[in-house]
Amino acid sequence: MPIVTVSHVALALFFGYVVAVGLSMGATFGITAASRSFVSKNYRIRRGYKYTQEAVWLVCATAGGYVAAVVDEATAPWIAGAGLVVALVGVLWLNAWEMRQRGLGHQISMSLASVAGVAAGFFIHLR
């Protein structure tokens, strides 16, 4: 693989990840600032917030996938897309504290939202 392709894929992964996680953090901070009682009760994340977080994550992963597709459109966008999915899902499963708080069902749902979101972002760009 030529060095130009590797650098494009790396940039696409970086920018896609930063956009997805940055938007998610912004949404999380905004929702928490607006209504702490909606987010948690007795230091446990509430079920309604978990579903909201999954929907927000789907949108954030779509935005990240779109950005990755734009950055890497000329070389190998499917490699960048697959890499972004691996990065997003990998970090999701490595965060043990959040995984315990979220529960297995929501963890799997967030993983599926990552895959669907990145794919949607790439398809939106290819359209």
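In what follows, the accompanying structure is described. Every value quoted in this text rests on a predicted model; they were computed, and no experiment measured them.

A word on the overall build of the protein chain
Right, so step 1: Scanning the protein chain from terminus to terminus reveals six helices and two strands.
Right, so step 2: Of the regular secondary structure in the protein chain, the N- to C-terminal order runs α-α-β-β-α-α-α-α.
Right, so step 3: Against the 2.2 N^0.38 benchmark of 14 Å for 127 residues, the protein chain shows a C-alpha radius of gyration of 15 Å, consistent with a compact globule.
Right, so step 4: A principal-axis box enclosing the C-alpha atoms of the protein chain has dimensions of 55 × 25 × 20 Å.
Right, so step 5: Within the protein chain, residue pairs in contact and separated by at least 24 positions form 76% of the contacts whose partners lie at least 6 positions apart.
Right, so step 6: Summed over all atoms, the accessible surface of the protein chain reaches about 7,400 Å², with 71% contributed by carbon and sulfur.
Right, so step 7: Placing the 9 positive and 4 negative side-chain charges of the protein chain at their respective mean positions leaves the two points 21 Å apart.

Describing the environment of Ala 69
Right, so step 1: Within the secondary structure, Ala 69 sits in helix α3 (residues 47-71).
Right, so step 2: With relative accessibility at 1%, the residue Ala 69 sits in the buried group.
Right, so step 3: For the pair Ala 69 and Ile 124, spaced 55 residues apart in the sequence, the C-alpha separation amounts to 9.2 Å.
Right, so step 4: If near-sequence neighbours (up to four positions away) are discounted, Ala 69 is found in contact with Phe 122 and His 125.

Brief notes about the side chain of Asp 72
Right, so step 1: On the secondary structure map, Asp 72 appears in the loop between α3 and α4 (77-94).
Right, so step 2: Although Asp 72 is buried, it makes no salt bridge; Arg 127 carries the closest opposite charge, 19 Å away.
Right, so step 3: Beyond its immediate sequence surroundings of up to four residues, Asp 72 is in contact with His 8, Val 9, Ala 12, Pro 77 and Ala 80.

A word on the nonpolar core
Right, so step 1: If you look at the biggest cluster of nonpolar residues, it comprises 18 residues, and the most contacted ones within it are Trp 57, Ala 61, Ala 68, Leu 84, Leu 88, Val 118 and Phe 122.
Right, so step 2: Mapped onto this core, the elements with two or more residues apiece are α1 (3-34), α3, α4 and α6 (104-126).
Right, so step 3: Discounting chain neighbours no more than four positions away, the residues touching Leu 88 are Tyr 17, Ala 20, Val 21, Trp 57, Ala 61, Ser 114 and Val 118.

Calculation criteria
- Residues numbered from 1 in each chain as written.
- Predicted model: local features only at pLDDT ≥ 70, side-chain atom pairs only at ≥ 80, totals over all residues.
- Heavy atoms only, no water.
- Helix = DSSP H or I, 4+ residues; strand = E, 2+ residues; numbered from the N terminus.
- Rg over C-alpha atoms; globule rule 2.2 N^0.38 Å.
- Contact = heavy atoms within 4.5 Å.
- Areas by Shrake-Rupley, 256 points an atom, 1.4 Å probe, with all protein chains shown as cover.
- Lys, Arg positive; Asp, Glu negative; His and termini not counted.
- Charge placed at Lys NZ, Arg CZ, Asp CG, Glu CD.
- Buried < 20%, exposed > 50% of the residue type's maximum accessible area, 1.4 Å probe, protein only.
- Salt bridge = Lys/Arg side-chain N within 4 Å of Asp/Glu carboxyl O.
- Core = buried A, V, L, I, M, F, W, Y, C linked by side-chain atoms within 4.5 Å.

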